[in-house]
Amino acid sequence: MDMKPTSQPTFERPEDENLGMVANVAYGFQHVLTMYGGIIAVPLIVGQAAGLGPAEIGLLIAASLFIGGLATLLQTLGVPYFGCQLPLVQGVSFASVATIVAIVTAGGGLPSVFGAVIAASILGLIITPVFSKIIKFFPPLVTGAVITTIGLTLMPVAARWAMGGNSKAPDFGSMTNIGLAAFTLALVLLMSKLGNAAISRLSILLAMVIGTLGAWAVGLVDFSNVMTGPIFAFPTPMHFGAPTFELAAIISMFIVVLVILVETSADILAVGDIIETDIDSKRLGDGLRADMISSIVAPFFGSFTQSAFAQNVGLVAVTNVKSRFVVAAAGVILVVLGLMPLMGRVIATVPTAVLGGAGIVLFGTVAASGIRTLAQVSYTNNMNLIIVATSIGFGMLPIAAPAFYDQFPDWFATIFHSGISSTAIMAIALNLLFNHLKVGNSENQSVFAAGTEPRSVRPTVIIELTEGDYFTEGKLFDVDNNEVPIAPKESAH
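Small disclaimer: the values here were computed from a predicted structure and weren't measured.

1. Re the packing of helix α8 (residues 247–275) against helix α9 (residues 281–301)
Stage number 1. Interhelical geometry of α8 versus α9 gives an angle of 135 degrees and a closest axis separation of 10 Å. The angle between α8 and α9 falls in the class oblique. Like other packed secondary-structure pairs, α8 and α9 cross with a definite hand, here right-handed. When α8 is examined against α9, the residues Val-257, Ile-260, Leu-261, Thr-264, Ser-265 and Ile-268 are found in contact with a partner set consisting of Leu-284, Gly-287, Leu-288, Asp-291 and Met-292.
Stage number 2. Among the residues forming the contact of α8 with α9, the class breakdown is seven nonpolar, three polar and one charged.

Written out as structure tokens, the structure is:
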């Protein structure tokens, strides 16, 4: 029988590779563990601000997991006009927390929050064509600065996780928590160094599992509450009441939606750069529309604005697993967790300090990916150096000083309190000012541009050298390693 050799399947896009169900579920579970703390943080904070009891806060959490899973499936698999088909995990946006709490505490309650999210997201859906056309204003100069800032702005999150997560807890910042985070970090590094590719790619997941088991062995993890509560539960539509629509709340939430559009644009471009796939205006628009339609549907089930999770962009960079089907599997897991509170309670036992140890690698890798992108930028005879410096510095202001914008108008503070949005806005504006609007640019370069000029050596210096001469630690040596004396500078007179 004539046996023809089988060729390996080829993929036009790296994200279209399907690793198989087992690998998809394993890597997808790793994504869920990475973002689980972030996705439950918003409903926890909002539920406490609204004065809800533990049972009702649990419903908010379940709804956020359920909708986050559906939004992830839409974003990764895609339908016409919705979903960028990239490995992006979706979930409740933390950018909306302050505004949601303000609406709740002002007396509007959750129905007013839900109405504001629906109305603002509809407006966001309408304006997505505008955002999708700005792709040409996101060269590596801009995307590199934004990706770097994403990683840097997430580092305080990793630090808080490593300290225990709850600043009011008596053991916050204890050596026990920090030691557990260090143990998890060491496991990630050790397994990343191993020659086995599967173990290396699953290093984050395995480190979290081993770290949790280690914490349980010394009495830091309690599994007794895992079986407390229902095993299955479907999120009840409009459990907290029908949405109400108040103009002030809608305006405040629309500003948040603008921030989410900017951040999601940055995440889409960042993951596209990391997995080395093309992102055009159509694909960007499809991704933004998926964000907005998910945010419109979410309030009906008891959840809030949806956006891409930057920490999972870091996981893609660490593992180099580019398949969108892996993240789609994570979406399925999130849906199941939303329908099975039992599984949610199991994952909730992972100590926050364990997440912190893994987060140091994850978020640091995002920043490193941004630096790698910035290395592609030319800094010769232009103002690119000052654009990068100002953009990243501007984005670090709210991270270094969280109260920096407290005295600014609320709409301004909402936009610029996000370091990612601050960097994106500044980088786009300065790139336009210096590299697109050249009218008025001086021929006399500033000290920043002049500092990027290539070095040169006078011909007279070259003539004095012989073959094999080398310069090290401030001294000149010949080919036989004999030091060559350097003549003193001649007097200017």
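2. As for the nonpolar core
Stage number 1. Judged by nonpolar contacts, the single largest core of 98 residues is most densely connected at Leu-86, Leu-88, Leu-110, Ile-150, Met-253 and Phe-304.
Stage number 2. If you look at the next biggest cluster of nonpolar residues, it comprises nine residues, including Leu-141, Val-377, Met-426 and Leu-430.

3. Regarding the side chain of Ser-121
Stage number 1. Turning to its location among the elements, Ser-121 is positioned in helix α3 (residues 97–132).
Stage number 2. Relative accessible area serves as the criterion here: at 0%, Ser-121 is assigned to the buried category.
Stage number 3. Within the structure, Ser-121 has its side chain in polar contact with the backbone oxygen of Val-117 (distance 2.7 Å).
Stage number 4. Look past the residues within four positions of Ser-121 in its chain and what remains in contact with it is Val-257, Met-292, Ser-295, Ile-296 and Thr-305.

4. A word on the pattern of salt bridges
Stage number 1. Inspection of the entire model under this criterion finds six salt bridges.
Stage number 2. For Arg-283, the salt bridge identified is with Glu-15, shortest N-O distance 2.4 Å. Remark: Glu-15 occurs in the segment before α1 (21–49) and Arg-283 occurs in helix α9; sequence separation between them is 268 residues.
Stage number 3. Residue Glu-15 is classed as buried on the basis of its relative accessible area, which comes to 0%.
Stage number 4. We note a salt bridge from Asp-16 to Arg-324, for which the minimum N-O separation is 2.8 Å. Remark: Arg-324 occurs in helix α11 (residues 324–339) and Asp-16 occurs in the segment before α1; sequence separation between them is 308 residues.
Stage number 5. Connected through shared salt-bridge partners, Arg-13, Glu-15, Asp-16, Arg-283 and Arg-324 make up one network.

5. Points about the side chain of Thr-319
Stage number 1. Within the secondary structure, Thr-319 sits in helix α10 (residues 310–319).
Stage number 2. For Thr-319, a relative accessible area of 6% translates into the label buried.
Stage number 3. Polar contacts involving the side chain of Thr-319 include one to the main-chain carbonyl oxygen of Leu-315, which spans 2.9 Å.

6. Here's the deal with the packing of aromatic side chains
Stage number 1. Tallying each qualifying case throughout the model produces 10 aromatic pairs.
Stage number 2. Taking the centre distance of 5.7 Å and the plane angle of 25 degrees together, the rings of Phe-114 and Phe-304 count as stacked. Of this pair, Phe-114 sits in helix α3 while Phe-304 sits in the loop between α9 and β2 (306–308), and the two are 190 residues apart along the sequence. Pair check on accessibility: Phe-114 and Phe-304 agree, each one buried.
Stage number 3. Ring centres of Phe-404 and Tyr-405 lie 4.9 Å apart, and the angle between their planes is 80 degrees; this geometry places the pair in the edge-to-face category.
Stage number 4. Residue classification places Tyr-405 among the buried positions, given a relative accessible area of 3%.
Stage number 5. Taken together through their ring pairs, the aromatic side chains of Phe-394, Phe-404, Tyr-405, Phe-408, Phe-412 and Phe-416 make up a single cluster.

Rules used in this analysis
Residues numbered from 1 in each chain as written. Predicted model: local features only at pLDDT ≥ 70, side-chain atom pairs only at ≥ 80, totals over all residues. Heavy atoms only, no water. Axes fitted to C-alpha atoms, helices over the stretch in contact; angles between N-to-C directions. Helix = DSSP H or I, 4+ residues; strand = E, 2+ residues; numbered from the N terminus. Parallel < 35°, antiparallel > 145°, perpendicular 65-115°, else oblique. Left-handed = near helix turned anticlockwise from the far one by under 90°. Contact = heavy atoms within 4.5 Å. Nonpolar A, V, L, I, M, F, W, Y, C, P; charged D, E, K, R; others polar. Core = buried A, V, L, I, M, F, W, Y, C linked by side-chain atoms within 4.5 Å. Buried < 20%, exposed > 50% of the residue type's maximum accessible area, 1.4 Å probe, protein only. Polar contact = N/O pair within 3.5 Å; in protein donor to acceptor, adjacent residues only side chain to side chain. Salt bridge = Lys/Arg side-chain N within 4 Å of Asp/Glu carboxyl O. Phe/Tyr/Trp six-rings, centres within 6.5 Å; stacked < 30°, edge-to-face > 60°.

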